[in-house]
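Listed here are the chains, written in short residue letters.
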Amino acid sequence: MRTSILASFTVAALAALLLTGCERKKDMTGRPVEFSAEIYCSDPFSRSGLPQTRVAYGVESGTSQAINWMDGDMITIYCAKCDGKKSALYGVQDIEVASTDNMDSYAGIENAESDGEGLQWGTGQHTFYAVYPGVITGAGSTISGKDVTGSIPAIQTAGTISGTDNKTVSPDMKNMYMVSKAGTYEPDASPVTLIFQPLTTVLEFTVTNKFDDTGSAMNVSSISLISDHHALDGGFSVDMDQSGLYGRPKTTLAYGLAATGHNKVTLNFSPSVSIAHDRTLTFTFFLNPGNTADQVNDLTFEIKGTNAGTSAPFTRRAMLKDKDDHGVIFETHKKTRVTGIMVPEGVQWTVNYSDPIVAYWKTGIDDEDLQLEP
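Since we're looking at a predicted model, the values are computed, not measured. Positions within a chain are numbered from 1, following the residues in the order the chain's sequence is written. Two thresholds apply to this predicted model, a pLDDT of at least 70 for residue-level local features and 80 or more for giving and counting side-chain atom pairs, whereas whole-chain, interface and lining totals are computed over all residues. To get the side-chain values, take all heavy atoms of the structure and skip hydrogens and water.

A. Structural view of the overall build of the protein. Put simply, DSSP H or I for four residues or longer makes a helix, DSSP E for two residues or longer makes a strand, and each gets a number counted from the N terminus. Helices and strands together make up the secondary structure of the protein, namely one helix and 26 strands. Among the 374 residues that make up the protein, the fraction classed as buried is 49%. In the form shown here, the protein has an accessible surface area of approximately 17000 Å², with 49% of it arising from carbon and sulfur atoms. Burial classes: relative accessible area under 20% of the type maximum marks a residue as buried, over 50% as exposed, and values in between as partly exposed (1.4 Å probe, protein chains only). Values of accessible area rely on a 1.4 Å probe in the Shrake-Rupley scheme; residue burial ignores everything except the protein chains shown.

B. Local environment of the packing of aromatic side chains. Note on aromatic pairs: the rings of Phe, Tyr and Trp (six-membered ring only in Trp) are paired at centre separations within 6.5 Å, and the planes decide the class, stacked below 30 degrees, edge-to-face beyond 60, tilted for the rest. Within this structure, the stated rule accounts for twelve aromatic pairs. Each ring, one from Phe 128 and one from Tyr 185, has its centre 6.1 Å from the other, and the planes form 70°; the classification is edge-to-face. Taken as a pair, Phe 128 in strand S7 (residues 126-132) and Tyr 185 in strand S13 (residues 178-185) lie far apart in primary sequence, 57 residues in all. In this structure, Phe 128 and Tyr 185 share a single accessibility class: buried. Aromatic side chains Phe 283 and Phe 301 sit 6.0 Å apart centroid to centroid with 25° between the ring planes, which places their arrangement in the stacked category. Here the residue Phe 283 occupies a position in strand S20 (residues 280-287), and Phe 301 occupies one in strand S21 (residues 299-307), the gap between them amounting to 18 residues. Neither Phe 283 nor Phe 301 differs from the other in exposure class; each is buried.

C. Structural view of the confidence of the model for the protein. The quantity known as pLDDT measures the predictor's confidence residue by residue, on a range of 0 to 100. Summing up the model confidence of the protein, the mean pLDDT is 76 and the portion of residues at 70 or higher is 75%. The spread of mean pLDDT over the elements of the protein runs between strand S26 (residues 369-372), the lowest at 26, and strand S12 (residues 167-169), the highest at 96. Should any heavy atoms of two residues lie within 4.5 Å, those residues are considered in contact. Throughout residues 44-52 the model reports pLDDT below 50, and contacts reaching past four residues in sequence, or to other chains, amount to 29 contacts. Within the model, the stretch residues 347-374 combines pLDDT values under 50 with 68 contacts to residues more than four positions away or in other chains.

D. Representation of the sheet that holds strand S18 (residues 249-253). Strand pairing is assigned whenever DSSP detects at least two bridges linking the two strands. Within the open sheet, the four strands sit side by side as S8-S9-S17-S18. Their pairing is antiparallel. Taken across any chain shown, the strands that pair with only one partner, and hence form the sheet edges, are strand S8 (142-144) and S18. If you compare each strand with its neighbour and ignore which way they point, the axes differ by 25° on average. The pairing of strand S17 (residues 234-243) with S18 spans five bridges and is antiparallel. From the neighbouring strand, Ser 237 faces S18, where its bridge partner is Thr 252. The axes are straight lines fitted to the C-alpha atoms, using for helices just the contacting stretch, and the angles between their N-to-C directions are given from 0 to 180°.

E. The sheet that holds S20, seen in detail. In spatial order, the strands read S11-S12-S20-S15-S23; together these five strands make up an open sheet with mixed pairing. The strands lining the two open edges of the sheet, one partner per strand, are strand S11 (161-162) and strand S23 (335-344). Taken together, the two bridges between S12 and S20 define a ladder with parallel strand orientation. Residue Lys 167 lies in a different strand from S20, and its bridge partner there is Leu 281.

F. Quick look at the side chain of Glu 38. Tracing the backbone through its elements, the reader meets Glu 38 in strand S1 (residues 35-39). Excluding residues within four positions of it along the chain, Glu 38 makes contact with Trp 69, Asp 104, Ser 105, Tyr 106, Leu 194, Ile 195 and Phe 196.

G. Geometry of the nonpolar core. To qualify as a nonpolar core, a set must consist of buried Ala, Val, Leu, Ile, Met, Phe, Trp, Tyr and Cys residues joined through side-chain atoms within 4.5 Å. With 33 residues, the main nonpolar core has Phe 35, Trp 69, Leu 119, Phe 128 and Leu 194 as its most contacted residues. Within the residue set of this core, elements represented by two or more residues are S1, strand S4 (74-78), strand S5 (87-96), strand S6 (105-111), S7, S13 and strand S14 (192-198). Residues Met 218, Leu 267, Leu 320 and Phe 330 belong to the second largest nonpolar core, which totals 31 residues.

H. The arrangement of the pattern of salt bridges in detail. Salt bridges are counted wherever a side-chain nitrogen of Lys or Arg sits within 4 Å of a carboxyl oxygen of Asp or Glu. Under the criterion given, the structure shown has twelve salt bridges. For Lys 85, the salt bridge identified is with Glu 113, shortest N-O distance 3.1 Å. You can see Lys 85 sitting in the loop between S4 and S5 and its partner Glu 113 sitting in the loop between S6 and S7, a full 28 residues away along the chain. Note that Lys 85 is salt-bridged to Asp 115, the shortest N-O span being 3.0 Å. Highlighted residues: Lys 85 in the loop between S4 and S5 and Asp 115 in the loop between S6 and S7, separated in sequence by 30 residues.

I. Region of the structure containing the pairing of S17. Here strand S9 (residues 147-152) runs beside S17; their pairing, made up of six bridges, is antiparallel. Looking at S17, one finds that Thr 149 is bridged to Ser 237. Between S17 and S18, which pair antiparallel in sequence order, lie five residues; one of them, Tyr 246, sits at a positive phi of approximately 55°.

J. Looking closely at the environment of Gln 242. Mapped onto the elements of the fold, Gln 242 is located in strand S17. Residue class for Gln 242 comes out partly exposed when judged on its relative accessible area of 39%. Sequence separation between Gln 242 and Lys 146 is 96 residues; the distance between their C-alpha atoms is 9.3 Å. If we ignore the near neighbours within four places in the chain, the residues touching Gln 242 are Arg 248, Pro 249 and Lys 250. Here Asp 239 takes part through its side chain, which lies 3.0 Å from a polar atom of the side chain of Gln 242. For the purposes of these results, a polar contact is taken to be a pair of N or O atoms within 3.5 Å, where, inside protein, one atom must be able to donate a hydrogen and its partner to accept one; residues adjacent in sequence count only when each atom of the pair is a side-chain atom.

K. Examining unusual backbone geometry more closely. In this structure, the amide linkage connecting Tyr 132 to the following residue, Pro 133, adopts the cis form with an omega of 0°. Mapped onto the elements, Pro 133 comes out in the loop between S7 and S8. Cis peptide bonds are those with omega within 30 degrees of zero, and the linkage from Gly 183 to Thr 184 qualifies with 5°. Here Asp 94, not a glycine, exhibits a phi torsion of approximately 50°, which is positive. Along the chain, the position of Asp 94 falls in strand S5. Look at Ser 311: it is not a glycine, yet its phi comes out positive at around 65°. Along the chain, Ser 311 falls in the loop between S21 and strand S22 (313-322).

If you want it as structure tokens, here you go:
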């Protein structure tokens, strides 16, 4: 798919050069704009019917993981210079998933408007702005000119749970906001290539059941992330004409940095999910994109459930700290994977983060740290 996109663009460019001064330009006003879409692999691990929205994580290479387009994905594109409507909904097609040799995912784009009309060329130079997920999905995104808004929910959906022993909760990818700015295009430039960059901050955790005294399974009912000083959920806005962190456009939090009532995100499980002794549960949290140079460094991890053997309820909390007892810094706009967290029975516990991650817990009887295998 990538070869055909690049080839068609090159031929069009050559034709324009050869015909300059020899043939009058065609009037393209009111004719459809053709698009292609690419997800740039810029979601590295910080070392350490309505249409559906379901981009998916793909292959890993080094410290990066690809994001792939999926059938049914919808995007909204805006252009103030277009003739007639300025905003239209499009769906992806002819998808090329990422590989370890090429970590980008490509797709063609087809009009998905109910009236059958997408964006059409106007006159002069055109700049196109786009957002994923598309507005029709009800995922909370809007686009108007260079400005995009979105919202990360405080209560997040636990997707399909796979695995018999070690279990994985599929992430709710409608929270993976991505944006693209493409310009400047003259009418009949074909195709207009939209290169999407992810905005959302993503944390993937793997925890191990270590009820050492009983060897019992744990029935997990909810998992939360809590911050003392940072907003984790809530609305945000994006100015695609201003630069922000890591080459992304500038984002601003609707409720401010330390917003009371927006400092906790939770995954609820109903019914609860059972994890056998020595087995793992992997799950994902989506956090807002952050703003300016602020980074989340004060997270507490909380897990609630019952001991399957005794039916006794438990709540365990872990402060995410580095080897110097400082809060672990999680970079915004990126995905961080955290492993090595053990859930013990009847103790207060703390997780320390280093490179690689090492998990510790404290007995509550003395200050001795007991190292657990990550």
